[in-house]
Amino acid sequence: MSTPLIIVSAPSGAGKSSLCDRALSEFSELVDSVSFTTRKPREGEVEGKPYHFVDEEKFLKLKEEGFFVEWAKVHEFHYGTPSHQLEDAWRAGKHLIMDIDVKGAGSLKALYPDSHSIFIKPPSLEELRERLLVRDHGKTQNLEIRLQNAEKELSVANQFDYEVINDDFDRAYSEFRKIIEKIIKGM
Ligand code: 5GP
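Computed from a predicted model, the values in this text were never measured in an experiment. (Residues numbered from 1 in each chain as written. Predicted model: local features only at pLDDT ≥ 70, side-chain atom pairs only at ≥ 80, totals over all residues. Heavy atoms only, no water.)

(A) Representation of the sheet that holds strand β8 (residues 116-121). Taken in spatial order, the five strands of this open sheet run β2-β7-β1-β8-β9, and their pairing is parallel. Among the strands making up the open sheet, the edge pair consists of β2 (30-32) and β9 (162-165). Strand-to-strand twist across the sheet, computed as the mean angle between neighbouring axes with direction ignored, equals 25°. Relative to β8, strand β1 (residues 6-9) runs parallel, the two being bridged by four bridges. Note that in β8 the partner of Ile6 across the bridge is His116. Helix α7 (residues 169-184) rests against β1, β2, β7 (95-99), β8 and β9 of the sheet, and its axis sits at about 160° to β9. (Pairing = 2+ DSSP bridges. Helix = DSSP H or I, 4+ residues; strand = E, 2+ residues; numbered from the N terminus. Axes fitted to C-alpha atoms, helices over the stretch in contact; angles between N-to-C directions. Contact = heavy atoms within 4.5 Å.)

And the structure:
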């Protein structure tokens with residue numbers, strides 16, 4: 001039997017990477033999913049962390065070859081999850097934790113109905129704008145597109161199995177942690 005996937009979605013800047021990173025550092029039952037993307041690395045990002053950075057030609061070739069289990073175009077860039085990561089996690093008996101957009105979450109949930117999906121919400125769109133600007137030192141790529149997408153993404157939050165509001169990181173993490181524990185224990 002395959003170990004259920006854990007799908008985590010949120011508008012960009014809602015803090016899902018920090019929540020996933022902390023859970024990954026605390027639970028040895030989890031394994032991180034590393035997607036491929038055509039966007040350029042941000043400051044502090046390197047090849048393989050948090051993405052494999054490729055150009056559009058390479059991405060489309062991999063897609064043609066059936067390398068991705070799901071892919072989506074988000075904020076003008078391509079993102080895709082390699083299929084082998086699911087198989088590797090299952091072979092190791094671990095839960096793959098996947099930080100993907102709402103379209104990818106929908107495709108994966110349809111393919112693997114026993115997956116668990118968690119939506120991370122920012123307290124408000126104004127707060128999200130502030131966080132993006134702080135994170136990117138006032139130079140967020142496609143800020144307005146990201147905020148418009150955030151509104152669309154928030155409208156499908158109720159289709160997820162769980163919703164966590166990231167108002168305060170420690171409080172949100174404690175809620176997130178309980179959900180992860182429940183999934184790991186198969187409750
Ligand atoms: P960012 O560029 O800010 O890291 O991510 C932008 C969006 O792409 C986020 O919503 C993130 O969850 C999503 N994303 C990252 N990797 C994947 C992937 O492999 N597939 C899909 N569908 N979305 C992804």
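Right, picking up where we left off after that structure.
(B) Local environment of the site of the ligand. Of all residues adjacent to the ligand, which total 19 residues, the nearest are Ser35, Arg39, Tyr51, Tyr79 and Asp101. Note that an oxygen atom of the ligand is positioned 2.8 Å from one of the side-chain N or O atoms of Arg42. Coverage of the ligand by the protein chains reaches 95% of its 520 Å² of free accessible surface. Secondary structure elements with two or more residues in the shell around the ligand: β5 (68-74) and β6 (77-82). Per-class residue counts for the shell around the ligand are six nonpolar, six polar and seven charged. (Near = heavy atom within 4 Å. Polar contact = N/O pair within 3.5 Å; in protein donor to acceptor, adjacent residues only side chain to side chain. Areas by Shrake-Rupley, 256 points an atom, 1.4 Å probe, with all protein chains shown as cover. Nonpolar A, V, L, I, M, F, W, Y, C, P; charged D, E, K, R; others polar.)

(C) How the structure looks around the packing of aromatic side chains. Applying the stated criterion to the full structure yields ten aromatic pairs. Between Trp90 and Tyr112, the ring centres sit 5.5 Å apart and the planes meet at 70°, which makes this aromatic pair edge-to-face. With a gap of 22 residues between them, Trp90 in helix α3 (residues 83-92) and Tyr112 in the loop between α4 (102-111) and β8 connect regions that are remote in the sequence. Between Tyr173 and Phe176, the aromatic rings sit 6.5 Å apart at their centres with planes inclined by 45°, giving tilted as the arrangement. (Phe/Tyr/Trp six-rings, centres within 6.5 Å; stacked < 30°, edge-to-face > 60°.)

(D) Here's a closer look at α4. Along α4, the residues classified as buried are Val102, Gly104, Ala105 and Leu108. An end-on view of α4 places all buried positions within 155° of arc, on one side of the element. For α4, the secondary structure elements touched by its buried residues are β1, β5, β7, β8 and α6 (143-154). (Buried < 20%, exposed > 50% of the residue type's maximum accessible area, 1.4 Å probe, protein only. Arc of directions from axis to C-beta.)

(E) Highlighting the sheet that holds strand β3 (residues 35-37). The four strands lie next to each other as β4-β3-β6-β5, forming an open sheet whose pairing is mixed. Where the open sheet ends on each side, the last strands, each with one partner, are β4 (51-53) and β5. In this sheet, neighbouring strand axes are inclined to one another by 25° on average, regardless of whether the strands run parallel or antiparallel. As paired strands, β5 and β6 are joined by six bridges and run antiparallel to one another. Its bridge partner being in β6, Trp71 is matched across the sheet by Gly80.

(F) Expanded view of the pairing of β6. With respect to burial, β6 is a largely interior element, six of its six residues being buried. Going residue by residue along β6, you find Phe77, Tyr79 and Thr81 tucked away on one face and His78, Gly80 and Pro82 tucked away on the opposite face as well. Where β3 lies against β6, two bridges are found, and the strand directions are antiparallel. When the sheet's bridge partners are listed, Thr37 is paired in β6 with Tyr79. As consecutive antiparallel partners, β5 and β6 are separated by two residues, and within that stretch His75 has a phi angle of approximately 45°, a positive value.

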